[in-house]
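# Examining the three-dimensional arrangement
Read off the chains here:
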Amino acid sequence: MNKPVISLRNITKEYVLLGHRPTLIEQIIGRSRPEKLVALNRINLDIFKGQKVGIVGPNGSGKTTILKIISDISQPTSGELKVIGKVVSVIDLEAGFHPDLSGRENIMINGMVLGMNKKEINAKMDEIIGFADIGRFIDEPLFTYSKGMKLRLGFAVAINSDPDIFLLDEMIAVGDEEFKIKTAKRVDSFLKKGKVVVIVSHLIDFISKSCERIIWLENGEILGDGGKEVIKNYKKSKNIS
Amino acid sequence: MVFSESKLFKLNDKQQYWLDFLWTMTEKEIKARYKNAGLGFAWMIINPILQMFVIGAVFQFFMPVKTENYFLFLFVGLLIWNFFSSSLNQITPVFVHQRFLLQKANFPREILVLSIVAANLFHLLISFVLLYLFVAVWQHVIFINLLLLLLAIICLVIFTSGLGLLVSSLNIRFRDVSFIMQASLPLGFYLTPIIYSQNVIPEFIRWVLFLNPLSLVVVMMRNIFFISNSAPEPIWMFSLLSASLFFIVGFYIFYKDSKNFSDYV
């Protein structure tokens with residue numbers, strides 16, 4: 001193991017709780033009183049090339065926040081973050097799809113949002129369409145798509161965007177069995193190339209089966225980091241058999 | 001559209017990506033708006049024509065204001081006002097509406113604002129060309145000073161983008177910004193010489209009118225159809241300065257806050 005690809009040093013993330021968005025008027029006359037929530041508390045974490053990491057933890061433990069910090073969608077309140085390579089996070093697959101535009105047009109928009117340039121997308125268009133497997137619907141407007149087709153399309157764009165670090169959030173149940181197998185194969189070929197996959201999920205059995213390194217996150221702190229024994233401890237503490 | 005082949009500007013990958021992204025999102029704005037609309041593009045010209053007849057009728061027949069060719073005079077102003085108000089109406093809530101996109105990736109946020117401005121500019125230019133051709137049929141139109149016209153459009157784009165960045169950045173944090181906008185936009189309509197001529201304002205105080213950059217744009221655009229004073233007046237500098245100021249402030253607020261947008265929505 002050489003230099004880590006992802007390195008978090010003392011990362012803390014606080015959210016300001018207000019119950020609602022404040023008003024500009026209140027801000028100007030100084031009447032807002034913020035309350036803070038610590039989502040991540042001094043997290044230290046190194047992830048190395050070729051690792052497939054699973055993060056488990058109950059709701060509100062900071063799982064999604066950690067992905068957002070790594071993918072630079074959200075800024076840490078304090079601490080130092082180093083990431084080497086291109087990060088693509090799959091947090092919301094359908095986001096950015098426009099219902100009136102065709103599948104092809106939506107691939108272009110979604111790909112650009114994920115940081116691909118026009119040339120790359122055009123070069124990969126056929127591969128993305130093939131992977132999503134939505135046939136002649138590709139030139140139809142998106143509102144004619146089924147839920148599964150939209151998710152597959154979103155996933156196909158993300159996985160073909162050539163990331164070095166692939167972050168998946170609660171993403172396991174996309175598509176049918178055939179699509180799942182295709183996805184798993186693709187993820188494996190990623191890892192063989194020395195890339196990094198981080199999966200966040202409630203489905204602890206899935207994580208236990210597919211990840212070699214498991215991180216247990218709770219209340220914004222890392223309670224366990226290691227192999228399958230982390231899952232055992234986690235289950236014990238939650239009384240799940 | 002290929003920008004990289006132009007020899008004037010050598011673009012690096014990041015700039016190329018930015019321009020492509022802006023282009024794609026602008027195309028999306030334009031396509032999405034008319035995909036399901038029966039009359040399609042016709043709406044963007046029908047709307048100001050209806051407005052022109054209503055407002056024109058009121059002021060021409062019931063008020064003692066007499067301006068030569070008042071309907072045309074009004075129409076030019078309305079085109080520009082519609083560009084401005086519909087841009088801002090779309091831009092103000094854009095980050096809140098696109099919250100899922102903000103949560104998805106770290107793309108350049110300003111594209112969401114600028115693509116709306118670009119799509120509306122596209123509409124404005126088309127209506128303007130149509131109007132020009134229409135008027136040219138029965139009136140001798142002199143195309144005065146293309147350079148000044150370009151200056152007016154730049155002023156309009158800078159002002160609208162700057163104000164748009166400012167308002168949309170504030171709106172994502174403060175929920176009363178959209179109400180403030182709704183209340184102040186109609187006021188802006190009367191602070192711009194759309195239904196009246198800038199000449200009705202006494203000369204010593206006319207510069208105040210030109211603190212509003214839209215005034216300059218309306219006056220310049222009218223000069224194409226009404227052969228009047230087309231030479232640059234020092235008073236117009238106020239408009240350019242204030243448009244630039246709006247842009248600097250807007251961009252600064254946006255830039256300072258855009259990294260944290262995903263935390264607010």
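I will try to describe carefully the structure that is included in this document. (Residues numbered from 1 in each chain as written. Chains lettered and ligands numbered in written order. Predicted model: local features only at pLDDT ≥ 70, side-chain atom pairs only at ≥ 80, totals over all residues. Heavy atoms only, no water.)

Quick look at the overall build of chain B now. Assigned secondary structure in chain B consists of twelve helices and zero strands. Along chain B, helices (α) and strands (β) appear in the sequence α-α-α-α-α-α-α-α-α-α-α-α when read from the amino end. Residues classed as buried in chain B amount to 51% of the 265 residues present. Counted over contacts in chain B with a minimum sequence separation of 6, partners at least 24 positions apart contribute 75%. A total of about 13,400 Å² of accessible surface is found on chain B, and carbon and sulfur atoms cover 71% of it. (Helix = DSSP H or I, 4+ residues; strand = E, 2+ residues; numbered from the N terminus. Buried < 20%, exposed > 50% of the residue type's maximum accessible area, 1.4 Å probe, protein only. Contact = heavy atoms within 4.5 Å. Areas by Shrake-Rupley, 256 points an atom, 1.4 Å probe, with all protein chains shown as cover.)

Here the focus is the overall build of chain A. The number of helices and strands found in chain A is eight helices and nine strands. Reported as C-alpha extents along the three principal axes, the dimensions of chain A are approximately 55 × 50 × 35 Å. Counting all 241 residues of chain A, 51% fall into the buried class. In the structure as shown, chain A presents an accessible area of about 11,500 Å², 51% of it carried by carbon and sulfur atoms. For chain A, the distance from the average site of its 36 positive side-chain charges to the average site of its 30 negative ones is 3 Å. (Lys, Arg positive; Asp, Glu negative; His and termini not counted. Charge placed at Lys NZ, Arg CZ, Asp CG, Glu CD.)

Let us now look at the interface of chain B and chain A. By a widespread convention, an interface's size corresponds to the accessible area lost as its parts come together. Across the boundary between the two partners, chain B contributes 35 residues, which contact 35 residues of chain A. Of the roughly 3,200 Å² buried at the junction of chain B and chain A (both faces included), carbon and sulfur atoms supply 57%. The tally of links from chain B across to chain A stands at three salt bridges. Residue A:Glu105 is joined to B:Lys31 by a salt bridge in which the shortest nitrogen-to-oxygen separation is 2.7 Å. For the pair chain B and chain A, the interface holds eleven residue pairs in polar contact (both at pLDDT 80 or more). Elements with a contribution of two residues or more to the side of chain B that touches chain A: α1 (13-34), α5 (99-104), α7 (146-173), α8 (177-190) and α12 (261-264) of chain B. Grouping the amino acids of the side of chain B that touches chain A by side-chain chemistry returns 17 nonpolar, seven polar and eleven charged. (Buried area = accessible area lost by both parts, 1.4 Å probe. Salt bridge = Lys/Arg side-chain N within 4 Å of Asp/Glu carboxyl O. Polar contact = N/O pair within 3.5 Å; in protein donor to acceptor, adjacent residues only side chain to side chain. Nonpolar A, V, L, I, M, F, W, Y, C, P; charged D, E, K, R; others polar.)

Structurally, the position occupied by A:Phe48 is in the loop between β2 (35-47) and β3 (52-56). In this structure the C-alpha to C-alpha distance between A:Phe48 and A:Ile107, which are 59 residues apart in sequence, comes to 31 Å.

Let's shift gears to the pattern of salt bridges. Residues and elements named next belong to chain A. One pass over the full model with this rule turns up twelve salt bridges over all chains. Between Asp 139 and Arg 104 there is a salt bridge; the shortest N-O distance is 2.9 Å. Of the two residues, Asp 139 is situated in the loop between α4 (118-132) and α5 (147-159) and Arg 104 in helix α3 (residues 103-113); the sequence distance between them amounts to 35 residues. Taking relative accessible area as the criterion, Asp 139 reaches 49% and is therefore assigned partly exposed. Lys 235 is the salt-bridge partner of Asp 205, the closest N and O atoms lying 3.3 Å from each other. Of this pair, Asp 205 sits in helix α7 (residues 204-210) while Lys 235 sits in helix α8 (residues 229-238); the two residues are 30 residues apart in sequence, bridging distant segments of the chain.

In this section: the sheet that holds β3(A). Across a sheet, paired strands are connected by hydrogen bonds in the backbone, their directions being either parallel or antiparallel. All names here are of chain A. Reading across the sheet, the six strands line up as β5-β6-β7-β3-β8-β9 and stay open at both edges, with mixed pairing between neighbours. The sheet is open, and its two edges are formed by β5 (87-90) and β9 (221-226), each paired on a single side. Across the sheet, the mean angle from the axis of one strand to that of its neighbour is 15°, orientation sign disregarded. Summarising the sheet, strand β6 (residues 165-169) and strand β7 (residues 196-200) pair through five bridges and their orientation is parallel. Counted as the bridge partner of Leu 167 is Val 198 from β7. Sheet contacts for helix α2 (residues 63-70): β3, β5, β6, β7 and β8 (213-218); angle to β6, the most-contacted strand, approximately 155°. (Pairing = 2+ DSSP bridges. Axes fitted to C-alpha atoms, helices over the stretch in contact; angles between N-to-C directions.)

Right, let's get into a nonpolar patch on the surface. A cluster of nonpolar residues, B:Phe204, B:Ile205, B:Trp207, B:Val208, B:Leu211 and B:Phe238, forms a patch on the protein surface that exposes about 560 Å² of accessible area. By the element assignment, B:Phe204 lies in the loop between α8 and α9 (206-209). (Patch = residues over 30% accessible without salt bridge, like charges linked within 9 Å, V, L, I, M, F, W, Y side chains within 5 Å.)

A few words on the environment of A:Gly224. Residue and element names in this part refer to chain A. Note on placement: Gly 224 falls in strand β9. The exposure class of Gly 224 is buried, given its relative accessible area of 13%. Filtering out sequence-adjacent residues up to four positions away, Gly 224 remains in contact with Ile 214, Ile 215, Trp 216 and Val 230.

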